[in-house]
Amino acid sequence: MRTSRFAVAAAALAAALSAWLSQSTIAVAAPDGPRIALLPISAFTVLLAASAGAIVVLLSRAAPLTPVWLLGLTVLPWLPVDVPAPWLIWSGPLTLIVWLAVFWIMARRAPLRITILFAASAPLRAGLLALLLFSVAAWRAAPAVPGGDEPHYLVITQSLLYDGDLRIENNHRRGDYQAYFAGQLRPDYLRRGRDGEIYSIHAPGVSALVLPAFALGGYRGVVVFLLLVAAAASALLWHVVWLAARSRPAAWFGWAAVTLSATTVFHSFTVYPDGLGGVLVLTGIWALLRTEEERVTVSTSVWPWGLHGAALALLPWLHSRFALLAGSLGALVLLRLGRAPNPAAKAAAFLVVPAISALGWVGYFVAIYGSPDPSAPYGAARMGSLASIPGGLGGLLFDQRFGLLANAPVLLFGIAGLIAMLRRASGMRRLAIELLFVIVPYLLTVTNFTMWWGGWSAPARFAAPILPALAVSSAGAWLVLRDRATRTLAIGALGLTAFITVVLVVPEHGRLAFNTRLAPALWLDWLSPLASLAQGAPDWFRGSRHDYVTDVAIWGAFMAAAWLGLRWLAAGPRLGNPASFATAAVAACALCAMLALATVWARYGAAGAVSTAAQMSCLRVLAADGEVIALRLTPPGVLDRAQVPSMMRITGTPRAVGERGAGRDDRPLLVIPAMPAGRYRIRPRARGEGGWLMIGIAQDQFSVRTERIASPPEPIIVDFPVDVRALIVRGDERARQVVRRIDVEPLSLVAANRRLTPGFARRAARYGAHTVFFLDDDSYPEPEAFWVGGSRDSSIVVQPDSPDGAIDLFLRNAPVTNRIVIESGPWREQLDLAPGETRRMSIRWDRTRGAAPLRFEVEAGFRPSEVEPDSADERYLGVWVQIR
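Cut-off values and rules
- Residues numbered from 1 in each chain as written.
- Predicted model: local features only at pLDDT ≥ 70, side-chain atom pairs only at ≥ 80, totals over all residues.
- Heavy atoms only, no water.
- Helix = DSSP H or I, 4+ residues; strand = E, 2+ residues; numbered from the N terminus.
- Rg over C-alpha atoms; globule rule 2.2 N^0.38 Å.
- Buried < 20%, exposed > 50% of the residue type's maximum accessible area, 1.4 Å probe, protein only.
- Contact = heavy atoms within 4.5 Å.
- Lys, Arg positive; Asp, Glu negative; His and termini not counted.
- Charge placed at Lys NZ, Arg CZ, Asp CG, Glu CD.
- Phe/Tyr/Trp six-rings, centres within 6.5 Å; stacked < 30°, edge-to-face > 60°.
- Lys NZ or Arg CZ within 6 Å of the ring centre and 35° of its normal.
- Salt bridge = Lys/Arg side-chain N within 4 Å of Asp/Glu carboxyl O.
- Pairing = 2+ DSSP bridges.
- Axes fitted to C-alpha atoms, helices over the stretch in contact; angles between N-to-C directions.
- Core = buried A, V, L, I, M, F, W, Y, C linked by side-chain atoms within 4.5 Å.
- Parallel < 35°, antiparallel > 145°, perpendicular 65-115°, else oblique.
- Left-handed = near helix turned anticlockwise from the far one by under 90°.
- Patch = residues over 30% accessible without salt bridge, like charges linked within 9 Å, V, L, I, M, F, W, Y side chains within 5 Å.
- Areas by Shrake-Rupley, 256 points an atom, 1.4 Å probe, with all protein chains shown as cover.
- pLDDT = per-residue confidence, 0-100.

Novice: Run through the overall build of the protein chain, naming residues and quoting values.
Specialist: Counting its regular elements, the protein chain contains 28 helices and 24 strands. Rg of the C-alpha trace for the protein chain: 30 Å, near the compact-globule value of 29 Å for 884 residues, within the 12% margin. By principal-axis analysis of the C-alpha atoms, the protein chain measures approximately 90 × 80 × 55 Å. For the protein chain, buried positions account for 53% of its 884 residues. Contacts in the protein chain between residues far apart in sequence, at least 24 positions, make up 74% of those at least 6 positions apart. The average position of the 81 basic charges and that of the 61 acidic charges among the side chains of the protein chain differ by 12 Å.

Novice: Report on the packing of aromatic side chains, specifying residues and quantitative values.
Specialist: Within the structure shown, the criterion is met by 30 aromatic pairs. Consider the rings of Trp-361 and Phe-365, whose centres lie 5.6 Å apart with planes at 80 degrees: the pair is edge-to-face. Taken together, the residues Trp-361 and Phe-365, both in helix α14 (residues 343-369) and 4 residues apart, mark about one turn of the helix. Residues Trp-361 and Phe-365 agree in their burial class; the two are buried. Seen in terms of ring centroids, Trp-452 and Trp-453 are 5.2 Å apart; in terms of plane orientation they differ by 90 degrees. Their pairing is edge-to-face. For Trp-453, a relative accessible area of 9% puts it in the buried group. In textbook terms, an aromatic cluster arises when at least three aromatic residues are bridged by ring pairs, as seen for Phe-402, Trp-452, Trp-453, Trp-540 and Phe-541. Directly above the ring of Trp-286 sits Arg-290, whose terminal nitrogen or CZ lies 4.8 Å from the centroid.

Novice: With reference to specific residues and values, describe the pattern of salt bridges.
Specialist: For the coordinates displayed, the defined rule picks out 39 salt bridges. Here Arg-649 ties to Asp-32 by a salt bridge, and the two come within 3.3 Å at their closest N and O atoms. Of this pair, Arg-649 sits in the loop between α26 (644-647) and β5 (650-652) while Asp-32 is found in the loop between β1 (25-28) and β2 (35-40), placing the two residues 617 residues apart along the sequence. For Arg-649, a relative accessible area of 22% translates into the label partly exposed. Accessibility expressed as a relative area gives 64% for Asp-32, which makes it exposed. Notably, a salt bridge pairs Arg-295 with Glu-292, separated by 3.3 Å at the nearest N-O pair. Within this pair, Arg-295 and its partner Glu-292 are both found in helix α11 (residues 273-297), separated by 3 residues, close to a single helical turn.

Novice: Talk me through the sheet that holds β5; I want residue IDs and the actual numbers.
Specialist: Sheet architecture is open: 4 strands sit in the order β5-β12-β7-β10, paired in antiparallel fashion. Because the sheet does not close on itself, it has two edges, and the strands there are β5 and β10 (716-720). Ignoring strand direction, the axes of neighbouring strands in this sheet form an average angle of 25 degrees. The sheet contact formed by β5 and strand β12 (residues 739-749) spans 3 bridges and is antiparallel. Counterpart to Thr-651 in the pairing with β12 is Asp-743. Most of the contacts of helix α25 (residues 612-623) go to β5, to which it runs at about 145 degrees, and overall it touches β5, β7 (678-686) and β12.

Novice: Let's hear about the environment of Phe-810: which residues, and what values?
Specialist: As for its position among the elements, Phe-810 is in strand β19 (residues 808-813). Along the sequence, Phe-810 and Gln-882 sit 72 residues apart, while their C-alpha atoms lie 5.0 Å from each other. Not counting residues within four places of it along the chain, the set of residues in contact with Phe-810 comprises Thr-838, Arg-839, Arg-840, Trp-880, Val-881, Gln-882 and Arg-884.

Novice: Run through the nonpolar core, naming residues and quoting values.
Specialist: By size, the foremost hydrophobic cluster in this structure holds 237 residues, and its most contacted members are Phe-266 and Leu-411. Looking at this core, the element that brings in the most residues is helix α8 (residues 211-245), giving 16 residues. In this structure, Phe-266 is in contact with Ala-141, Ala-458, Leu-504, Val-505, Gly-510, Ala-513 and Phe-514, ignoring residues within four places of it in sequence. If you look at the next biggest cluster of nonpolar residues, it comprises 27 residues, including Phe-702, Val-772, Val-788 and Val-798.

Novice: Requested: an account of the pairing of strand β4 (residues 636-639), with residues and values cited.
Specialist: Each regular strand carries side chains that alternate between the two faces of the sheet. Across 4 bridges, the pairing between strand β3 (residues 628-633) and β4 is antiparallel. Across the sheet, residue Ala-630 finds its bridge partner in β4, namely Leu-639. In textbook terms, the turn of a hairpin is the stretch between consecutive antiparallel strands, and for β3 and β4 this stretch comprises 2 residues.

Novice: Would you mind going over unusual backbone geometry in detail, with residue names and values included?
Specialist: The phi torsion of most residues other than glycine is negative, and most of the peptide bonds are trans. Following Thr-634, the chain continues to Pro-635 via a peptide bond in cis, the omega torsion being -5 degrees. Structurally, Pro-635 is set in the loop between β3 and β4. Along the chain, Ser-711 connects to Pro-712 via a cis peptide bond; the corresponding omega equals 0 degrees. At Arg-246, a position not held by glycine, the phi torsion is positive, near 55 degrees. Of note in this structure, Ala-674 is not a glycine but carries a positive phi near 55 degrees. By secondary structure assignment, the location of Ala-674 is in strand β6 (residues 670-675). Using a relative accessible area of 32% as the deciding quantity, one classes Ala-674 as partly exposed.

Novice: Explain the sheet that holds strand β18 (residues 793-800) to me, using residue names and the numbers behind them.
Specialist: Strand order in the open sheet formed by 6 strands is β14-β15-β18-β23-β20-β21, and the pairing between neighbours is antiparallel. What marks the edges here is a single partner per strand, and that holds for β14 (763-767) and β21 (827-833). Direction aside, neighbouring strands of the sheet carry axes that sit 20 degrees apart on average. Here 5 bridges tie strand β15 (residues 770-774) to β18, and the two strands are oriented antiparallel to one another. Within the sheet, the bridge partner assigned to Val-772 lies in β18 and is Val-798.

Novice: Could you give an account of the environment of Met-675, naming the residues involved and the relevant values?
Specialist: Inspection of the secondary structure assignment puts Met-675 in strand β6. Along the sequence, Met-675 and Phe-760 sit 85 residues apart, while their C-alpha atoms lie 9.0 Å from each other. Apart from the residues lying within four places of it in its own chain, the contact partners of Met-675 are Met-616, Tyr-680, Asp-723, Val-724, Ala-726, Leu-727 and Val-744.

Novice: Now, about the packing of helix α4 (residues 122-140) against helix α9 (residues 248-259): what can you tell me, with residues and values included?
Specialist: Remark: α4 packs on α9, axes separated minimally by 12 Å, with the N-to-C direction vectors making an angle of 20 degrees. When the axis of α4 is compared with that of α9, the two are roughly parallel. Our pair here, α4 against α9, has a crossing hand that is right-handed. Here Ala-122, Arg-125, Ala-126, Leu-129, Ala-130, Leu-133 and Phe-134 of α4 come into contact with α9, specifically with Arg-248, Trp-252, Trp-255 and Thr-259.

Novice: Hey, could you go over a nonpolar patch on the surface for me, with residue numbers and the actual values?
Specialist: On the surface, Ile-41, Ile-629 and Val-638 cluster together to form a nonpolar patch covering roughly 260 Å² of accessible area. Considering the arrangement of structural elements, one finds Ile-41 in the loop between β2 and α2 (43-60). Relative accessible area serves as the criterion here: at 39%, Ile-41 is assigned to the partly exposed category.

Novice: Tell me about the confidence of the model for the protein chain, residues and numbers included.
Specialist: For the protein chain, mean pLDDT is 91; residues scoring 70 or higher make up 96% of the total. Low confidence marks residues 112-118, where pLDDT is under 50. Its contacts with residues over four positions away, or in another chain, come to 5 contacts. A low-confidence stretch, residues 656-664 stays under pLDDT 50, and its non-local contacts, those more than four residues away or across chains, total 9 contacts.

Set out below in structure tokens:
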């Protein structure tokens with residue numbers, strides 16, 4: 001039946017209103033304060049809202065309007081009453097997933113087809129799509145990498161390239177890594193070799209493989225090489241999955257389940273062994289399936305088996321833990337070769353390279369460390385325990401920061417597919433057993449490792465090598481689990497996985513993918529500033545292991561309830577329309593997710609609604625000086641936008657003394673990220689006196705204010721002339737005992753047209769009567785002064801305590817001939833300095849701004865380690881600057 005014009009108009013109006021609300025910002029002014037909102041009224045906002053309504057009208061010609069009801073989720077936080085905390089998650093960026101669900105469900109019923117790349121074969125299309133996806137991710141995440149262990153692998157490459165050896169101490173001393181890594185990088189080792197030299201704790205395989213690319217293009221050349229390898233592997237992945245499933249839809253589902261996961265995307269261009277390890281594991285699975293093909297084609301060719309063996313032989317050289325993957329795959333291939341034509345010759349070709357490689361691999365440890373033990377580089381360090389396996393396995397799968405399934409929920413169907421394949425025909429059952437024979441021992445090995453999350457890296461790094469196996473089992477799930485509810489949830493889980501990957505890649509240049517153990521998952525905080533998704537998601541590092549298992553069970557139970565409910569709906573005549581059923585599936589999952597959040601929040605006594613992130617979003621909107629309408633939602637009313645900052649009280653509660661953790665507790669008392677430029681009053685609430693508070697903007701020893709806690713505590717006023725990375729309040733041991741709460745009250749914000757710089761300060765230090773804010777990592781603050789890096793440009797902002805104060809610089813040049821340019825607004829001066837020469841100068845600056853931006857251009861520099869025999873300082877330094 002044709003949809004009435006009134007219904008279409010109402011749906012379009014609802015979509016436009018929802019689009020307007022989705023662009024707005026909501027916050028709780030204080031923990032006990034009202035809900036406030038900022039609604040933008042720019043031309044772009046109006047255009048976007050109108051576009052949403054127009055798209056609904058266009059799609060309504062061929063699709064039902066039922067999905068538009070889902071937009072009601074975006075209205076829940078706006079109701080002018082006290083609403084349940086789970087309703088508040090539907091504000092901020094999380095609303096994007098609602099919009100994507102609405103348009104996807106409607107577009108599926110519309111006569112739209114994508115024809116791009118259809119002329120190419122399916123594997124080629126898969127490879128090209130993967131190359132596009134991986135390249136965009138590498139481009140967006142470029143500022144966040146290389147990090148973690150990546151530079152250490154590249155240092156080994158430089159040692160092989162420049163010196164022809166694996167001894168890395170001289171490469172670190174020369175600072176070879178400065179070509180791609182800012183800062184100081186110390187050799188990563190635990191014991192020296194038998195010759196007294198330093199060899200990296202990391203295996204040399206990755207470093208050797210990327211050496212030609214590094215020789216041609218440096219670090220960027222390595223990234224391009226890895227992208228091309230990952231794209232070619234993605235094309236092969238589609239082919240291998242198709243060989244296993246013999247179904248194009250199943251092959252595309254299995255391919256997409258793995259390719260769209262954040263683990264695959266980030267390890268397609270980062271310099272870790274895990275991505276390349278997954279490629280080599282894929283060739284092993286291909287070899288398993290090739291045996292069945294050759295039984296049909298009666299092929300007797302031997303040379304492909306030599307290549308398969310060579311590929312598996314590389315695995316232990318990438319990382320010692322990959323030896324288990326090589327051995328299990330090799331054994332399975334040999335078992336299958338017994339039924340293939342010409343088995344003896346093929347087995348011999350398959351084994352020749354691994355045999356030689358195994359001797360060389362053991363000889364490598366003997367030659368360097370005097371022992372054939374692959375754990376020799378770790379010395380006496382105890383890196384794992386069998387007791388770590390249960391917790392490590394649970395963390396690797398479900399932890400909100402590092403878990404495989406938490407960041408790629410569609411791979412749950414890969415696990416379900418293994419179970420389903422075990423219950424089917426003998427061919428699928430055998431393949432499932434073989435995949436488990438590869439997956440299970442490897443997972444037990446890596447979760448035995450104490451640091452199962454893999455350090456500073458994207459989610460589930462250690463699980464990356466087994467993802468090709470999960471692609472095959474995901475395709476098996478698509479083939480076997482054919483009921484309507486399961487297929488709908490599988491498509492939804494795939495869409496959610498793609499959405500999570502985009503969230504990890506696009507905002508903040510990929511930074512959201514890289515987490516630490518001590519903070520919640522960055523992407524969850526970004527998705528929902530107003531209600532804490534992170535407090536309600538399973539967190540391996542919160543509470544006890546029993547608490548973690550309980551949290552996982554709660555989420556599993558509610559998601560299982562959504563699935564069972566959909567199966568009940570699918571069993572009868574209810575919701576026969578596909579769009580209606582898909583809408584019900586999204587609504588059921590949203591409802592169960594809110595119930596799971598509420599249940600976990602209740603377990604920990606968490607309020608659910610958090611104020612800090614949402615408050616900072618409001619302040620940033622106000623500081624941007626855009627046109628907005630300010631509203632109070634509880635009770636309803638219109639506000640003057642100038643009132644909003646003074647209504648806010650940002651509260652932080654320090655971690656309780658004696659809370660879980662070992663060793664000295666040096667975590668900050670309060671961290672508020674991304675503070676806009678302005679004046680803030682900091683009010684410590686203490687139950688005694690004594691102790692010191694240090695206020696800074698980075699996790700270092702420097703502070704912009706240091707104050708003693710009196711009784712009652714005095715408020716502390718701080719002025720930030722630029723946006724800062726974070727407001728960080730630290731305390732000594734006494735302060736940690738007496739401080740029970742810290743409140744931050746915004747007093748005023750610096751208007752956009754008064755900003756000194758569009759960037760933000762990364763560090764700050766106090767020098768006499770001046771505070772210096774460092775806008776990049778090319779200067780190095782020290783207690784008395786700071787160095788500007790050699791052959792670099794660096795920007796700072798100097799803020800005198802008095803607006804009439806002078807800014808006088810004392811410069812001491814590096815022990816090299818140098819040219820230095822200093823700029824502040826229109827003022828500019830060039831200095832040609834002899835080695836070690838000193839200069840004094842006064843900066844001309846606009847005193848009405850309260851601070852002065854300075855930019856240094858330094859032509860040359862030196863490394864202290866090269867001129868002072870006892871120095872371990874490998875920084876490349878240009879000029880020493882002291883403010884007097």
